[in-house]
Amino acid sequence: MKSQFAQKTVIITGSSMGIGKVLALNLAKLGANVVINARSVDKLRATETEMKEMGLEVLAIVGDITLESDCRRLIDGAVARFGRIDILINNAGISMRGSVETLTPQVIAKVFNCNAVAPYMLSTMAMPFIKQNKGSVVFISTLAALRGLPYLSVYGSAKMALKGLAESLRIEHLGDNIHVGLIYIGITKIDQNKTALASNGETINLDRRDGLFAKSIEDVAKNIVRNIVLRKQTTIIGVSGKVYYFMVRFMPLVLSLIIKYSHKRLKKLYS
């Protein structure tokens, strides 16, 4: 596996912490030139320093990928430093909590731009290099993209757009031998201080996830790397993810009843 990534250039958005950071570490250890990106200067520099102290090849480019200029700077910076782009992992995302009727236009735009528009822009800009190197474009999605869920409307619908983008890319580039991967992540143990947006735009802290069916961030990262190695179209991560995917496809009525039952508890939290 190490030879497969040696000297390959990988861009990972949202890689100062969490899944993105672990992905960056894993791929750099496999010999890749890794370009990390995030909005937070302090967190990104800390990750860059940590990786350099381990002797890993890394370039940190601070930027907001909802801005076209920052997307262009990320792509151009990677090419200027390493001369190529082989893999683009669209990992960055912003989640939200709140009912549709209480969402502000600013929250709708911010969440949709980060989760859907930014991957479109970056994929467009990176595609000439991906085609040249017969590389990979990977989209990190969520179970909320498999079915509309209460109080996650914008987040879920933005992630749903990635399926359409992935399918379009596969058809448009049939003869180019590129890999387009779509990853659905199930219940995952999240970092402490993980945040989301409330419907009014305020930042809220998410509870730490744990338990029997929660996958570790390390396991999630390994599954994403595996998707790239095997050039798989779709990967569903975790037992919870596979069960949920099965229910969406084959037991939609049962799943609807479960969601309706959980709605009462969620309404108290997010209405």
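Cut-offs applied
Residues numbered from 1 in each chain as written. Predicted model: local features only at pLDDT ≥ 70, side-chain atom pairs only at ≥ 80, totals over all residues. Heavy atoms only, no water. Phe/Tyr/Trp six-rings, centres within 6.5 Å; stacked < 30°, edge-to-face > 60°. Helix = DSSP H or I, 4+ residues; strand = E, 2+ residues; numbered from the N terminus. Buried < 20%, exposed > 50% of the residue type's maximum accessible area, 1.4 Å probe, protein only. Pairing = 2+ DSSP bridges. Axes fitted to C-alpha atoms, helices over the stretch in contact; angles between N-to-C directions. Salt bridge = Lys/Arg side-chain N within 4 Å of Asp/Glu carboxyl O. Parallel < 35°, antiparallel > 145°, perpendicular 65-115°, else oblique. Left-handed = near helix turned anticlockwise from the far one by under 90°. Contact = heavy atoms within 4.5 Å. Nonpolar A, V, L, I, M, F, W, Y, C, P; charged D, E, K, R; others polar. Expected span 1.5 Å × (residues − 1). Arc of directions from axis to C-beta.

A.B. asks: Account for the packing of aromatic side chains, naming residues and giving values.
C.D. replies: Scanning the model with the defined rule gives 1 aromatic pair in all. Taking the centre distance of 5.0 Å and the plane angle of 45° together, the rings of F246 and F250 count as tilted. Note that F246 and F250 are positioned in helix α8 (residues 239-250) at a spacing of 4 residues, about one turn of the helix. The class for F246 is partly exposed, based on a relative accessible area of 42%. Accessibility expressed as a relative area gives 52% for F250, which makes it exposed.

A.B. asks: So what about the sheet that holds strand β2 (residues 33-38)? Which residues, and what values?
C.D. replies: The 7 strands lie next to each other as β3-β2-β1-β4-β6-β7-β10, forming an open sheet whose pairing is parallel. Strands at the two margins of the open sheet, each flanked by one partner only, are β3 (58-62) and β10 (234-237). Strand-to-strand, the axes of this sheet are offset by a mean angle of 15°, without reference to chain direction. Here strand β4 (residues 87-90) runs beside strand β6 (residues 136-142); their pairing, made up of 4 bridges, is parallel. Bridged to I89 within β6 is V138.

A.B. asks: A description of the pattern of salt bridges should follow, citing residues and the corresponding values.
C.D. replies: It is possible for side chains bearing opposite charge to pair when their charged atoms get close. For the structure on display, the rule yields 9 salt bridges. Residue K215 is joined to D219 by a salt bridge in which the shortest nitrogen-to-oxygen separation is 3.9 Å. Residue classification places D219 among the partly exposed positions, given a relative accessible area of 30%. Sharing partners across several salt bridges, the network here consists of R45, E48 and K52.

A.B. asks: A description of the packing of helix α5 (residues 105-133) against helix α6 (residues 153-172) should follow, citing residues and the corresponding values.
C.D. replies: The geometry of α5 relative to α6 is characterised by a closest axis approach of 8 Å and an angle of 15° between their N-to-C directions. Regarding the angle of α5 to α6, the classification is roughly parallel. Between α5 and α6 the crossing geometry is right-handed. Contact residues: α5 offers I108, V111, F112, N115, A116, P119, Y120, S123 and M127, while α6 offers V154, Y155, S157, A158, K159, A161, L162, L165 and L169. For the contact of α5 with α6, the residue count by class is 14 nonpolar, 3 polar and 1 charged.

A.B. asks: How would you sum up the sheet that holds strand β9 (residues 203-205)? Please name residues and give values.
C.D. replies: Pairing is mixed across the open sheet formed by 3 strands, whose spatial order is β5-β8-β9. Bordering the open sheet on either side are β5 (96-97) and β9, each of which pairs with just one other strand.

A.B. asks: Provide a residue-level description of the environment of G20, including the pertinent values.
C.D. replies: Among the secondary structure elements, G20 is positioned in helix α2 (residues 18-29). With relative accessibility at 0%, the residue G20 sits in the buried group. Separated by 71 residues in sequence, G20 and N91 place their C-alpha atoms 6.4 Å apart. In this structure, G20 is in contact with I12, G14, S15 and N91, ignoring residues within four places of it in sequence.

A.B. asks: Tell me about helix α4 (residues 68-82), and please be specific about residues and values.
C.D. replies: End to end, α4 covers 21 Å across 15 residues, agreeing with the expected 21 Å (1.5 Å per residue, within 8%). If you check which residues of α4 are buried, you get D70, C71, L74, I75, A78 and F82. For α4, the angular spread of buried residues about the axis comes to 140°, placing them on one side. Exposed residues pointing more than 90 degrees away from the buried face of α4 are listed as E68, S69 and A80. Looking at the packing, one finds that the buried side of α4 touches β1 (9-12), β2, β3 and α5. Looking at the residues trailing α4, positive phi occurs at G83, about 80°.

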